[in-house]
2 protein chains.
Amino acid sequence: MSHTIGSFLFDYLHKQGVTHAFGIPGDFALPTFRWLEESPLELITMTHEPSVGFAADGYARINGLGVACVTYCVGGLNLLNAVACAYAEKSPLLVISGGPSPNDRKHDSLIHHKVRSFDSQRRIFEEVTCAQALLLDPETAADEIIRVITAVRTQCRPGYIEIPYDIVDMPIKQPTIRNLPAPESDAENLEAALQEAAQAIAGAKQPVIVADVELARHGMTDLAVAIAEKLNIPIASTLLSKSIISETHPLYIGVYAGGLSEPVCQEYVESSDCLILLGAFMSDMFLGLYTAKLDRRKTIFIGSEKLRIGLHAYENVEMKDFLSGLATRDIAKKEFDNPYKLKPAVPLTDAERAETLDAESFFRIFGLTLAEDATVVCDTGDSLLGAIGLRTSQRNNFLSDAYYLSMGFSVPATIGAIAANPGSRAYCIVGDGAFQMTGMELSTAAKYGMHPIVCILNNDGYGTQRHIIDGPFNNIHRWDYIKIRDVLNYGKAMRVDTKGALEAVLKEAAKTDEMYIIEAIIPRGDSSKSLRRMGEKLGELRNKDKRK
Amino acid sequence: MSHTIGSFLFDYLHKQGVTHAFGIPGDFALPTFRWLEESPLELITMTHEPSVGFAADGYARINGLGVACVTYCVGGLNLLNAVACAYAEKSPLLVISGGPSPNDRKHDSLIHHKVRSFDSQRRIFEEVTCAQALLLDPETAADEIIRVITAVRTQCRPGYIEIPYDIVDMPIKQPTIRNLPAPESDAENLEAALQEAAQAIAGAKQPVIVADVELARHGMTDLAVAIAEKLNIPIASTLLSKSIISETHPLYIGVYAGGLSEPVCQEYVESSDCLILLGAFMSDMFLGLYTAKLDRRKTIFIGSEKLRIGLHAYENVEMKDFLSGLATRDIAKKEFDNPYKLKPAVPLTDAERAETLDAESFFRIFGLTLAEDATVVCDTGDSLLGAIGLRTSQRNNFLSDAYYLSMGFSVPATIGAIAANPGSRAYCIVGDGAFQMTGMELSTAAKYGMHPIVCILNNDGYGTQRHIIDGPFNNIHRWDYIKIRDVLNYGKAMRVDTKGALEAVLKEAAKTDEMYIIEAIIPRGDSSKSLRRMGEKLGELRNKDKRK
């Protein structure tokens, strides 16, 4: 079958396993949207571009490739923060933008949506994507498309394809490339690294693996778990990789985040004599805002871009080769007695049911009622830090932008997660401030008959910031959130301020096929212990040069 | 009094006539927000950064300088589309962003919110601002602040100042500069240009001035009107400069936009033998999507960056000097009989009151009930094009992003307009699609007790695009917009679908001090004549390479 540029692009994406695209049309992109509409992909149109980006990102984290389709500048530039988030957190998100015609470019005319030059948008996207293509030539378009998508998949970073409105309908020439070759390890370096690592692990009394998000992005979680199981080495996750392995796995010891961790996990990781950091982002949040006490000399660090064992860096060693090698090395099994006992869930007593809700109990009750196969998407703030102790039993069903920390991620990312995994009931935990940013994207859930359970933790303002520096700027206008159900004329909504009421509505919601908006009233100033620790730590940093 | 960087910055802005700043705090910006809170500026905190940008832009267009204050990356990058709009349409908008500490930079650590490098945000903003400063040194900070703000004011383009969280509290050194010198014209070129222009005007039978938006931005509207009145030359405005002069001025002949103009205005402008384009953006919208029939050889074009008379370009001539010179030249007064008669407003008949509302009558009724001193902010689409025929009697009380055309501009820009001109009742006209993008920003109106009258033209989807290429992607989920009143628990709301009901609610709203949300039901597919013309024209362009 002969293809146009438009039909080739979406057909190729479909063959790569993409089932949905997220977007908002605009006049420069309408011809592209027509091809998208006719393609095998299901198009989910949303209300506002920042949400399109987060939805496609959420989808990409689960599916392995996500697509955001928008118009030139007014669409693309409005997506930028979400694409920056995907870049920072290594999510394979492809941005497809409509664009002006090559004829417009010839005359340098002032066409609407243009900013400084015709290349402004592409130049800006160079800063937040790993590969870019402007499709001006049907002869090379197929190769360009494959080049960008291959880069997105292998580097797990966003990519950018811009298609002029009058080019997308043109017949495309068959591609001359299929996939770019995978990078290879330097064999000597690989062997030397494996020897040193094996020796370090063999000699260690208390080795521990921190399994971070690059494992999931690059499809190497199984390898990491196989190594852990073979050697009987415990595994911690991070805020960003939470749920990378089942949190009921006997080797799992919790979320490590320096001083923000659960104490048992922090103690175990920081007293380890052989810390194995797999796929880690060494970010300030990972390090618990620099409260982490980790000894480089006792650390094996492997990521997609770096391998370091103690003080020795090894160049040109691929993560996949290193992990495969380690999995087959002959190392004696370790002794390990998991200090992180899963406490049996304690149901609420009747007396507790009558009590006022608070942040800590929100997460306890949430955990009590959560189904095994549910997906949980958390926004920035207490929605994320309070969830540190939450246990989910299936892999990859916890999503959050735990490094980039852009508020407003969760509601649209929930839409993306539902599209990627419709069989799993999706929960969203979001603060009132973050909900005011993108919460109305529940409109899209209504449009496509999705039924997330959305918990708004209403602590009356920017709660995290109140712990850092408080002022009137942390106050927000109090919405009557449950009335949003009436605006959308969809789903159910309830406000709860007691533990019993929260438990009841969560149980009820889990049984139905309806969208739920649950406004959970949290007393102003109250927060989880983790958030309070983080707020106080950030408060110290931000107030270091305090005025007299 | 000795200043810190933070107190100096806001004090300097206040001395420049800025009364309000718009923003959303975040941890890197909290110390800056503390200074802002203590400064003479009133801080308006909003729900989402894209709205912060549009509000500050709307304020800047009226006040002459607007300020958006946000946090690093998650705030700044989310503002980008609005700043691009301000760049494209020459609005003097200053972006102040919090940033990481110089200490963070030294170690190139992965701090949260960071994208690719510490300079990612600044590099991105270079594409959409005319001046940038990263304040790392209290010794030079004052000069840097003055340099950026001066550039913003003189070039009428956005500027960018980034302040590390631990620098903003430091004592600042007194500035060594006050204001940069204004650029000067080349005297010979100026005189030659004036001679040629005067001669062309003197010899013309039907000269006409098109007064575009740069006049307003650079404070030269009075000069242009003085020239017109002295020589009795008629004035047209453009979509972007609509209301630059009173639309009841006897010399005013309407909005010129090529084939999208009102016919009388188009005919007069295009048959002119001396077209005087003052401060014009020669954009595709200005040219009515290239339907304009203008003869370069009979045109005098002066903008902030270019002067051309017929085929002669004159270098280094400042717009101000040229207009001042022209105003004092001795040229005989012209004959002019205004063909654009203001039809007396015809009230609705009782029979009409019972009729179903449509787009054309919306604007007729809106015009009938509009107070003299009202401000009107229009979003993209029919909200803008339908308003071409609307007459406002005061200057500069019509705002829209008529060139960049980013949907979602109007509701937040209305917030900005109210802050800049609280004495004028503000009306917002916005389509349902655009309202879903940023309409919840009415939360900010509620927070600060503002009372705009917001008319949502609900034509059930992306109406403009239906005229270009229609498909399911132009459908949106239908909100029950008047329930937003209940979400915000503020103001009044009403849905109207007859001409009489619209008239009644507009009259009622004008009398009260309440925010009104008016959902005006427009039949799907119906639109103003101007929009239909534009849609058809764009449909031709976008379908030029139609598939077989």
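Here the structure is shown first, and the text comes after it.
If you're wondering where the values come from, they're calculated on a predicted model, not measured in any experiment.

Draft legend 1. Broad picture of the environment of Leu93(B). Residue and element names in this part refer to chain B. Within the element layout of this structure, Leu93 appears in strand 4 (residues 93-99). Overall, Leu93 belongs to the buried group, its relative accessible area being 0%. Along the primary structure Leu93 and Pro158 are separated by 65 residues, whereas in three dimensions their C-alpha atoms are 4.5 Å apart. With sequence-adjacent residues up to four places away left out, Leu93 is seen in contact with Gly53, Ala56, Asp57, Gly66, Val67, Ala68, Val83, Ala86, Val152, Arg157, Pro158 and Gly159.

Draft legend 2. Quick peek at the sheet that holds strand 14 (residues 375-378) of chain B. Residues and elements named next belong to chain B. Spatial strand order, 15-14-16-17-19-18: 6 strands in an open sheet with parallel pairing. Across the chains shown, the open sheet's two edge strands, defined by having one partner strand only, are strand 15 (398-400) and strand 18 (492-496). Direction aside, neighbouring strands of the sheet carry axes that sit 15 degrees apart on average. Summarising the sheet, strand 14 and strand 15 pair through 3 bridges and their orientation is parallel. Pairing of Cys378 across the sheet is with Ser400, part of strand 15. Docked against the sheet, helix 14 (residues 359-369) engages strand 14, strand 16 (426-431), strand 17 (453-458) and strand 19 (516-521), running at close to 175 degrees with respect to strand 16.

Draft legend 3. How the structure looks around helix 22 (residues 529-542) of chain B. Between its first and last C-alpha atoms helix 22 of chain B spans 20 Å; for 14 residues at 1.5 Å apiece the expected length is 20 Å, and the two agree. Looking at helix 22 of chain B, one finds that the buried residues are Ser530(B), Leu531(B), Met534(B), Gly535(B), Leu538(B), Gly539(B), Leu541(B) and Arg542(B). End-on view of helix 22 of chain B: buried residues confined to an arc of 165 degrees, all on one side of the axis. Of the exposed residues in helix 22 of chain B, the ones pointing more than 90 degrees away from its buried face are Lys529(B) and Glu540(B). Those residues of helix 22 of chain B that are buried lie in contact with helix 2 (30-38) of chain A together with helix 15 (382-385) and helix 19 (463-468) of chain B.

Draft legend 4. Seen up close, the sheet that holds strand 10 (residues 274-278) of chain A. Residues and elements named next belong to chain A. Strand order in the open sheet made by the 7 strands is 9-8-7-10-11-12-13, with mixed pairing throughout. Taken across any chain shown, the strands that pair with only one partner, and hence form the sheet edges, are strand 9 (252-255) and strand 13 (312-313). Bridging between strand 11 (residues 299-302) and strand 12 (residues 307-309) involves 3 bridges; their strand directions are antiparallel. Note that in strand 12 the partner of Phe301 across the bridge is Arg308. Against the sheet, helix 12 (residues 319-328) touches strand 10, strand 11 and strand 12, its axis set at about 130 degrees to strand 11.

Cut-off values and rules
- Residues numbered from 1 in each chain as written.
- Chains lettered and ligands numbered in written order.
- Predicted model: local features only at pLDDT ≥ 70, side-chain atom pairs only at ≥ 80, totals over all residues.
- Heavy atoms only, no water.
- Helix = DSSP H or I, 4+ residues; strand = E, 2+ residues; numbered from the N terminus.
- Buried < 20%, exposed > 50% of the residue type's maximum accessible area, 1.4 Å probe, protein only.
- Contact = heavy atoms within 4.5 Å.
- Pairing = 2+ DSSP bridges.
- Axes fitted to C-alpha atoms, helices over the stretch in contact; angles between N-to-C directions.
- Expected span 1.5 Å × (residues − 1).
- Arc of directions from axis to C-beta.

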